[in-house]
Amino acid sequence: MDDRKVVRAARDGDEDAFADLVRRYSGGLHRSVARIVLDEEEAWDVVQMAFVKAWQRLDKYDSRWSFSTWLYRIGTNVAIDLVRSRASRQKAHRAETEHRLRLVGGVDEASARLDHAEVDGVLRDLVRFLTPQQRAAFILREVDDLETAEVAKILGCSAATVRNHIFQARKIMRREIQERFPEFVPEDQRGRK
Amino acid sequence: MSCDVYRELLPAYLDDNLDEVRRTGFRAHLKSCSECRELAFAEEPTLVFSLSRRREPSPERIEACVASVVAGVRQERLQKQLRAPRRPWLAAAAAVMLAIIVASAWWMRGTLPGDVTGLQADAHEAGISIPAAVEAIPVPAEPPPRVEVDMIQDEVRVYQYAIGDDASTGAVFIVNPAMEL
Ligand SMILES: [Zn+2]
């Protein structure tokens, strides 16, 4: 059954239909959200909250949007709010403490650097230097490979703003990579900003 | 396409100027070609994050998520029902009827039932459902119960005290104002 039919059934109060939507999208949403909030378990809380909010607002859902875009918008907003509230509490969150990651291999060992867990760890380390909006834009576009127009819809901004967030995100992360993980940068380029 | 072509696409990729087809081709090529990948990483180290593999959560984790969401949705439904458009006078009438039923049950049996099923049966006979019976404690037959009906915001509460003002032995019924009579 396609999303729209399932959404319509859910809107008519069919809990099983809604559970189906959770099965379809919770994994993907969790992956994105976890990279924004930097905590796997909290990311599940965000996902659950996003779905319950989606249920509450199903009657306002505009079927010209794809359900996943609409859901990501809700989920990303919850995630961004969480990151902001953490920052405003100035609370040293356990997920925001620095990982001391050792990257195997030098510049030539590209396959080693594609080691999934390590790359993920480094990404976590670097993402915390970004604003919530920059995090979300970079992760949705560059890591999850959503189209710019969709990311713009999710974040409620223009495509140009998404590009700018990503540009800034790259700049900040490049700087941090050079400082923290110089092994990532070719020798002749180290120190270049 | 040859490696040279892909290498020329890098600046356009970084400026987000590739259409989705070429963009997908570019990312796929970087995943499969270590030479181009090296060159691209040297130019833009953050590209390493664009190629990280997707990790799928376990089916059990997904089902746990489904279960919590469904629980959340049910709670939300219940709250919505309680917030539904109300007819307080109907609820008040229901509460008074309930009080009468309870009082007559009291007189007939001499005790307040230890569980609420008897009450619910009585209420059912009178065409009323009792959505929530919070507490019911057996009490001595005498003296007769004192019944108070209280409206707190949208909720109608029926308090039934066993002896005078002793609130520790008694029963409280909360009548859902949204219920259909
Ligand atoms: Zn190549």
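Residues numbered from 1 in each chain as written. Chains lettered and ligands numbered in written order. Predicted model: local features only at pLDDT ≥ 70, side-chain atom pairs only at ≥ 80, totals over all residues. Heavy atoms only, no water.

*Asks:* Which parts of the structure should I look at to understand the overall build of chain A?
*Replies:* Within chain A, the regular secondary structure consists of nine helices and zero strands. Secondary structure of chain A in N-to-C order comes out as α-α-α-α-α-α-α-α-α. Within chain A, the proportion of its 193 residues that are buried is 54%. (Helix = DSSP H or I, 4+ residues; strand = E, 2+ residues; numbered from the N terminus. Buried < 20%, exposed > 50% of the residue type's maximum accessible area, 1.4 Å probe, protein only.)

*Asks:* Where do I start with the coordination of the zinc ion in this structure?
*Replies:* Around a metal, the perfect tetrahedron of four donors has angles of 109.5 degrees, and the perfect octahedron of six donors has angles of 90 or 180 degrees. All names here are of chain B. Protein coordination at the zinc ion comes from Cys3 (SG), His29 (NE2), Cys33 (SG) and Cys36 (SG), with a distance range of 2.1 to 2.4 Å. For the zinc ion, the four donor atoms in the first shell make angles of 100 to 113 degrees at the metal, a pattern classed as tetrahedral. Since its relative accessible area comes to 27%, Cys3 is described here as partly exposed. (Donors = N, O, S within 2.8 Å, 3.2 Å for Na, K, Ca; no water. Tetrahedral: all angles 85-135°; square planar, octahedral: opposite > 155°, others 65-115°.)

*Asks:* Where do I start with the nonpolar core in this structure?
*Replies:* If you look at soluble globular proteins, the nonpolar side chains tend to sit buried side by side. Ranked by internal contacts, the top residues of the largest apolar core, which has 80 residues, are Phe18, Phe51 and Phe67 of chain A together with Phe49 of chain B. Contact partners of Phe49 of chain B, with chain neighbours within four places excluded, come to Val119, Val122, Leu123, Leu126, Phe138, Glu142, Val143, Met173 and Ile177 of chain A. (Core = buried A, V, L, I, M, F, W, Y, C linked by side-chain atoms within 4.5 Å. Contact = heavy atoms within 4.5 Å.)

*Asks:* I would appreciate a short explanation of the packing of aromatic side chains in the present structure.
*Replies:* All names here are of chain A. Taken as a whole and judged by the stated rule, the model has eight aromatic pairs over all chains. Here a set of aromatic residues connected by ring pairs shows up, and it is made of Tyr25, Tyr61, Phe67 and Trp70. In this arrangement the basic side chain of Lys153 is found over the ring face of Trp65, its NZ or CZ atom lying 4.9 Å from the centre. (Phe/Tyr/Trp six-rings, centres within 6.5 Å; stacked < 30°, edge-to-face > 60°. Lys NZ or Arg CZ within 6 Å of the ring centre and 35° of its normal.)

*Asks:* Would you mind going over helix H9 (residues 159-180) of chain A with me for this structure?
*Replies:* Every α-helix carries 3.6 residues per turn, so stepping three or four residues along brings you back to the same face. Spanning 22 residues, H9 of chain A covers 31 Å between terminal C-alpha atoms, matching the ideal 32 Å at 1.5 Å per step. For H9 of chain A, the set of buried residues is Val162, His165, Ile166, Ala169, Arg170, Ile172, Met173, Glu176, Ile177 and Gln178 of chain A. Structurally, H9 of chain A contributes buried residues whose contacts are with helix H6 (116-127), helix H7 (132-143) and helix H8 (148-155) of chain A together with helix H1 (3-14) of chain B. (Expected span 1.5 Å × (residues − 1).)

*Asks:* Sorry, what's going on with the interface of chain B and chain A here?
*Replies:* Interface size is commonly expressed as the accessible surface area that is lost when the partners come together. On the chain A side, the residues contacting the 39 residues of chain B number 48 residues. Overall, the association of chain B and chain A removes approximately 4,100 Å² of surface from exposure, summing both partners, and the carbon and sulfur fraction of that is 53%. Viewed at the interface, chain A and chain B are joined by 13 salt bridges. Inspection of the chain B/chain A interface yields 19 residue pairs in polar contact (both at pLDDT 80 or more). Looking at the side of chain B that touches chain A, the elements with two or more residues in it are H1, helix H2 (20-32), helix H3 (34-43) and helix H4 (59-83) of chain B. By residue number, the principal contributor to the side of chain B that touches chain A is H4 of chain B, which donates 13 residues. The class makeup of the residues in the side of chain B that touches chain A is 16 nonpolar, five polar and 18 charged. (Buried area = accessible area lost by both parts, 1.4 Å probe. Salt bridge = Lys/Arg side-chain N within 4 Å of Asp/Glu carboxyl O. Polar contact = N/O pair within 3.5 Å; in protein donor to acceptor, adjacent residues only side chain to side chain. Nonpolar A, V, L, I, M, F, W, Y, C, P; charged D, E, K, R; others polar.)

*Asks:* Explain the environment of Ala19 of chain A to me, please; I cannot follow it from the model alone.
*Replies:* With respect to the element layout, Ala19 of chain A can be found in helix H2 (residues 15-37). Judged by its relative accessible area of 6%, Ala19 of chain A falls in the buried class. Spatially, the C-alpha atoms of Ala19 of chain A and Val6 of chain A are 9.8 Å apart, while their sequence positions differ by 13 residues. Those residues in contact with Ala19 of chain A, other than ones at most four positions away along the chain, are Val66 and Val70 of chain B.

*Asks:* I tried to follow H7 of chain A on my own but got confused; where do I start?
*Replies:* Residues and elements named next belong to chain A. Helix length check: H7 (twelve residues) gives 15 Å between terminal C-alpha atoms against 16 Å at 1.5 Å per residue, within 8%. Among the residues of H7, those classed as buried are Pro132, Gln134, Arg135, Ala136, Ala137, Phe138, Ile139, Leu140, Arg141, Glu142 and Val143. Phi turns positive, to about 65 degrees, at Asp145, one or two residues after H7.

*Asks:* What is the right way to look at the layout of surface pockets in this model?
*Replies:* Where empty space is left becomes clear once a probe the size of a water molecule has been rolled over the atoms. The space that makes up the largest pocket amounts to roughly 270 Å³. Lining the largest pocket are 14 residues; nearest its centre among them are Phe167 and Arg170 of chain A together with Leu14, Asp15 and Glu44 of chain B. Secondary structure elements with two or more residues in the lining of the largest pocket: H7 and H9 of chain A together with H1 of chain B. Ranked by residues supplied to the lining of the largest pocket, first place goes to H9 of chain A with five residues. Broken down by class, the residue content of the lining of the largest pocket amounts to four nonpolar, no polar and ten charged. (1 Å grid on protein atoms, 1.4 Å probe; cavity = no way out; pocket = protein on both sides within 12 Å on 5 of 7 lines; lining within 4 Å. Points joined across faces, edges and corners; volume = space filled by probe spheres on them.)

*Asks:* Help me out: how do you make sense of unusual backbone geometry in this one?
*Replies:* Residues apart from glycine generally show negative phi values, whereas peptide bonds are mostly found in trans. Even without being a glycine, Leu38 of chain A presents a positive backbone phi close to 60 degrees. Phi at Asp16 of chain B takes a positive value of approximately 60 degrees, unusual for a residue other than glycine. Summarising the element assignment, Asp16 of chain B is placed in the loop between H1 and H2.

*Asks:* Mind showing me how you'd approach the environment of Gln133 of chain A here?
*Replies:* Within the element layout of this structure, Gln133 of chain A appears in helix H7. Look past the residues within four positions of Gln133 of chain A in its chain and what remains in contact with it is Ile80, Arg84, Leu155 and His165 of chain A.

*Asks:* Would you take a moment to explain the pattern of salt bridges for this structure?
*Replies:* Pairs can form between side chains of opposite charge once their charged atoms are near each other. Taken as a whole and assessed by the stated rule, the structure comprises 25 salt bridges over all chains. For the salt bridge of Asp120 of chain A with Arg35 of chain A, the shortest nitrogen-to-oxygen distance reads 2.6 Å. Here Arg35 of chain A lies in helix H2 and Asp120 of chain A lies in helix H6, a separation of 85 residues in the sequence. The same class applies to Asp120 of chain A as to Arg35 of chain A, namely buried. Here Glu44 of chain B makes a salt bridge to Arg174 of chain A, at a shortest N to O gap of 2.5 Å. Of this pair, Glu44 of chain B sits in the loop between H3 and H4 while Arg174 of chain A sits in helix H9, placing the two residues on different chains. Taking relative accessible area as the criterion, Glu44 of chain B reaches 3% and is therefore assigned buried. Judged by relative accessible area, Arg174 of chain A falls into the partly exposed class, the value being 24%.

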